[in-house]
Amino acid sequence: MWASYLNILVVFAIIFLSYLLTWRKWFDNHVADVFSKLVLNITLPLNMFLNMTQKFTKAEFLELFKGIALPFVSILVTFLISFIYTKVTKVPVTRRGAFMTMFTAANTIFMGLPVNMAVFGEKAIPYALLYYMCNTTFFFTIGIILIAGDNPEIKMNQARFSFKKLMKQLLSPALMGFVVGILWLLTGVPVPKPLFDFSTYVGGMTTALSLFVIGIIIYQTGIKNLKMNKDVAGVLIGRYLISPLIVYLLSFLIPVPPLMLKVFILQSAMPVQNAMPILARGYGADEEFATSSLTYSILSYFIFIIVILKLFF
């Protein structure tokens with residue numbers, strides 16, 4: 001438990017460092033834009049490629065793949081519930097896509113992986129990455145399309161949102177890094193050392209740069225402007241109540257080994273994706289809403305992790 005808290009404190013420490021550096025005028029909006037482009041187009045794709053090629057053997061991947069139905073179905077069900085929730089609670093159309101994405105998708109790699117390792121040890125890694133694959137596929141396909149759809153200009157030009165533009169959203173660099181990693185893994189060919197080293201050095205910057213962007217956005221938004229409202233509360237309900245509950249209930253219909261189920265539940269109950277403010281900024285969506293939801297989800301995680309561990313473990 002303490003190791004889990006220490007992992008979360010490290011995340012806060014990096015965000016706080018970025019906040020201080022922005023206050024000291026080292027960072028500004030231009031730096032945030034540069035860091036965002038680096039993460040989305042270079043470091044994150046390399047990070048995903050490295051995770052997929054180094055965390056599994058081909059045999060392990062094919063064996064584990066049998067358990068993919070539970071996270072896949074649970075994410076789809078949670079997404080459906082998020083859609084109904086937006087209609088019932090009248091979430092504004094300018095933040096509806098971001099809301100459904102944050103309600104459904106968890107921070108399964110930057111926070112989920114270290115927390116699962118702290119709770120269950122190294123044996124949890126394959127199961128954690130299995131959930132990560134489903135979560136990431138949703139986030140960088142449906143999620144990105146939804147976030148982009150929050151932009152009023154895209155809403156006013158739906159006719160122009162052509163198949164070509166749709167494919168551009170689907171074939172984002174991050175998802176391509178993920179897909180290339182899987183294909184490389186299935187070939188059984190070792191990653192050449194120069195490529196491995198390059199991916200390690202550059203991809204290793206992903207977490208720090210993402211958290212730096214969050215710190216800059218929080219400072220520019222202003223702590224006093226971080227708003228807790230019904231929509232932010234709805235995101236927290238999705239992250240910490242609906243999502244893990246759906247995984248647990250579906251396990252009666254789609255049985256998996258006990259440890260795999262525990263890892264899936266813990267992965268499903270992680271904070272909002274670190275990249276949300278970056279994507280909201282990049283696609284012209286509601287950046288303040290994304291930042292508030294992310295920040296409150298991280299802050300409240302200290303409480304919810306205790307509740308989740310008590311309820312399910």
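In this report, we go over the structure that sits alongside the text.

### Concerning the overall build of the chain
- Secondary structure assignment for the chain yields 16 helices and zero strands.
- Here the chain has a C-alpha radius of gyration of 19 Å; the compact-globule value for 313 residues is 20 Å, and the two agree.
- Principal axes of the C-alpha set define a box for the chain whose edges measure 45 × 45 × 45 Å.
- For the chain, the proportion of its 313 residues judged to be buried stands at 54%.
- The long-range share in the chain, meaning contacts at least 24 apart out of those at least 6 apart in sequence, stands at 86%.

### Thoughts on the packing of aromatic side chains
- If you walk through the whole model with that rule in mind, you get 14 aromatic pairs.
- Taken together through their ring pairs, the aromatic side chains of Phe27, Phe35 and Phe212 make up a single cluster.

### Details of helix α12 (residues 206-221)
- With 16 residues, α12 ought to run about 22 Å at 1.5 Å a step, and its terminal C-alpha atoms sit 22 Å apart, in line with that.
- The element α12 is extensively covered by neighbouring structure, given that twelve of its 16 residues are classed as buried.
- Among the residues of α12, Thr206, Leu209, Ser210, Leu211, Phe212, Val213, Ile214, Gly215, Ile216, Ile217, Ile218 and Thr221 are the ones counted as buried.
- Looking one or two residues beyond α12, the residue adopting positive phi is glycine 222, at roughly 95 degrees.

### A closer look at helix α6 (residues 112-120)
- Listed as buried for α6 are Gly112, Leu113, Val115, Asn116 and Phe120. Axial view of α6: buried residues confined to an arc of 165 degrees, hence all on one face.
- One or two positions beyond α6, positive phi appears at glycine 121, with a value near 90 degrees.

### Some details on unusual backbone geometry
- One non-glycine residue, lysine 25, adopts positive backbone phi at about 75 degrees.
- Turning to its location among the elements, lysine 25 is positioned in the loop between α1 (2-23) and α2 (29-54).
- Located in the positive-phi region is lysine 90, a residue other than glycine, with phi close to 55 degrees.

### Observations concerning the side chain of asparagine 116
- Here asparagine 116 lies in helix α6.
- A polar atom in the side chain of asparagine 116 sits 2.9 Å from the backbone oxygen of glycine 112.
- What asparagine 116 contacts, discounting residues up to four positions off in sequence, is Gly121, Ala124, Ala128, Val263, Leu266, Gln267 and Met270.

### As for the pattern of salt bridges
- Applying the stated rule across the entire model yields six salt bridges.
- The salt bridge involving aspartate 33 is made with arginine 281; its shortest N-O contact spans 2.6 Å. With aspartate 33 in helix α2 and arginine 281 in helix α15 (residues 276-283), the pair connects residues that are 248 residues apart, well separated along the chain.
- Among the salt bridges present, the one from arginine 281 reaches glutamate 287, with a minimum N-O distance of 3.1 Å.
- Residues joined in a network through salt bridges with shared partners are Arg95, Lys230, Asp231 and Asp286.

Here is what the cut-offs are and how they apply
Each chain has its residues counted from 1, following the order in which its sequence is written. With pLDDT at 70 or above as the cut-off, local features in this predicted model cover only qualifying residues; side-chain atom pairs require 80 or more to be listed or tallied, and sums for whole chains, interfaces and linings still use all residues. To obtain the side-chain values, all non-hydrogen atoms of the structure were included, while hydrogens and water were left out. Helical segments are the DSSP runs of H or I of at least four residues, strand segments are the runs of E of at least two, and each set is numbered from the N terminus. Throughout, radius of gyration means the C-alpha value; the globule benchmark is 2.2 Å times the number of residues raised to the power 0.38. Each residue gets one of three labels from its accessible area relative to the maximum for its type: buried under 20%, exposed over 50%, partly exposed in between, using a 1.4 Å probe on protein chains only. By the convention used here, residues are in contact when the closest approach between their heavy atoms is within 4.5 Å. Centres within 6.5 Å are what make two rings of Phe, Tyr or Trp a pair, Trp counting through its six-membered ring; a difference in plane orientation under 30 degrees is then read as stacked, over 60 as edge-to-face, and the rest as tilted. How far a helix is expected to stretch is found by multiplying one less than its residue total by 1.5 Å. The arc in question is the one traced by the directions running from the helix axis out to the C-beta atoms. In the analysis that follows, any N or O atom pair within 3.5 Å is treated as a polar contact, provided that within protein one partner can donate a hydrogen and the other can accept it, and provided that, for residues neighboring in sequence, both atoms belong to side chains. For this analysis, a salt bridge means a side-chain nitrogen from Lys or Arg found within 4 Å of a carboxyl oxygen belonging to Asp or Glu.

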